[in-house]
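# Examining the three-dimensional arrangement
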Amino acid sequence: MEMLSFRRFVSVFEEQHPEFPYKDIYSYQGIHCILYTNHQPHADFAFAYFRYYYDCCRDHKDILKLKDDDCYHVYSYVDKQSYLRLFEWIEEILLLRVGYFYDDIAEITVADGGIIVDKKKKMILCFNQTLRKIYFVSDGSQQLAQKDVVKTIREMITWEMEKRGYFLFHAAAVEKDGKSILFSGESGVGKTTIMLGLLEKGYHFLSNDRVLIGVEGRKVKTIAWPNEIGRASCRE
C-alpha cells in the first residue's frame, strides 16, 4: 500500500515538471530563506511584504553562494492541474486506503514531515523540518494562499531568532532617536490612541501588533515584526 510521505509528495509533484523562474532571498542577521515560485504575483507580494523588514535579494547568482544547510527553502507553485493531481493522489490514499475523512482541512503527520490539505484555499502544503523545505501548491483561485507563503517565511525567521534568545512580544511600538517605546495591553485599553498621539509628535511607527525583544551586548533590542503596515527597525 502506498503511504504519504514528504519524499513521495515531492516525487509526485516533480512528475509535473515544475519550473520556478522567480527566486528571491530574504535574509536577517545571517538567517536566509529562499522563495521559489512560478507565479509573479506571489513573488511581488512577498517582496512588498518584507522589503522594509529583511534584506531582499532578487539576484539569482547569490542563491548559488548559499549552502542548503544555511537557509530555508520555500516553494510556491500555482497551477490548477498540478494542484488537482496532488489533491486526487492524497484523497485516494486518505479516503480509499486509510479511511481518513475530513471536511475542509486535513493535517497529516508523516514520518519525514507533514502534509496539510486546505479545500477552502485550494492549497496543499508539505514540509520537512530536517531538510528545511516547504512546498505550497495551489490552483491560483484564492489570494489567501500567498499570505500563507509570506507568513511561513516570517515564522521561519522568527523561530531562528527565538533560538538566539529573542522572544515575540504582543505590543504596539514606536521609536525616536534610536529609542523604542512599547505599549502592551488588552484590546480596547488605548494602545492605538497613544501610539497615534506620539506619531503626531514626531515618533516613528515600528509595529501595531508584535515585536521581537532580545538582549545583545548588554542592551535590550526591539525588532519590528513583519506585517503589512510600517517599516522595520531595530532599536535599543
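Predicted, not measured: the structure shown is a model, and the values here were computed from it.

### Some remarks on the packing of aromatic side chains
Aromatic rings considered in pairs are described by the distance between their centres and by the relative angle of their planes. Overall, the coordinates contain 17 aromatic pairs when judged by the stated rule. Residues F13 and F20 carry aromatic rings whose centres are separated by 6.4 Å and whose planes lie at 45° to one another, so their mutual orientation is tilted. For the pair formed by F13 and F20, the shared burial category is buried. Ring centres of F13 and Y77 lie 5.4 Å apart, and the angle between their planes is 80°; this geometry places the pair in the edge-to-face category.

### Side note on the sheet that holds strand β8 (residues 133-138)
The mixed open sheet is built from eight strands, whose spatial order is β3-β1-β2-β4-β8-β7-β6-β5. Since the sheet does not close on itself, it has two edges, and those belong to β3 (55-57) and β5 (105-110), each with one partner. On average, adjacent strands in this sheet sit at an angle of 15° to one another, irrespective of strand direction. Of the strand pairs in this sheet, strand β6 (residues 113-118) and strand β7 (residues 123-128) are connected by five bridges, and their pairing is antiparallel. If you follow I116 over to β7, its bridge partner there is L125. Contacting β4 (71-78), β5, β6, β7 and β8, helix α1 (residues 6-14) crosses the sheet at an angle of about 45° to β8. Running over the sheet, helix α2 (residues 40-50) touches β1 (22-28), β2 (31-37), β3, β4 and β8 and is turned about 20° from β1.

### Observations regarding α1
Since the α-helix turns once every 3.6 residues, residues separated by three or four places project in the same direction. Turning to α1, its buried residues are F6, F9, V10, V12 and F13. The arc that holds the buried residues of α1, viewed along the axis, is 165°, so those residues lie on one side.

Parameters at a glance
- Residues numbered from 1 in each chain as written.
- Predicted model: local features only at pLDDT ≥ 70, side-chain atom pairs only at ≥ 80, totals over all residues.
- Heavy atoms only, no water.
- Phe/Tyr/Trp six-rings, centres within 6.5 Å; stacked < 30°, edge-to-face > 60°.
- Buried < 20%, exposed > 50% of the residue type's maximum accessible area, 1.4 Å probe, protein only.
- Pairing = 2+ DSSP bridges.
- Helix = DSSP H or I, 4+ residues; strand = E, 2+ residues; numbered from the N terminus.
- Axes fitted to C-alpha atoms, helices over the stretch in contact; angles between N-to-C directions.
- Contact = heavy atoms within 4.5 Å.
- Arc of directions from axis to C-beta.

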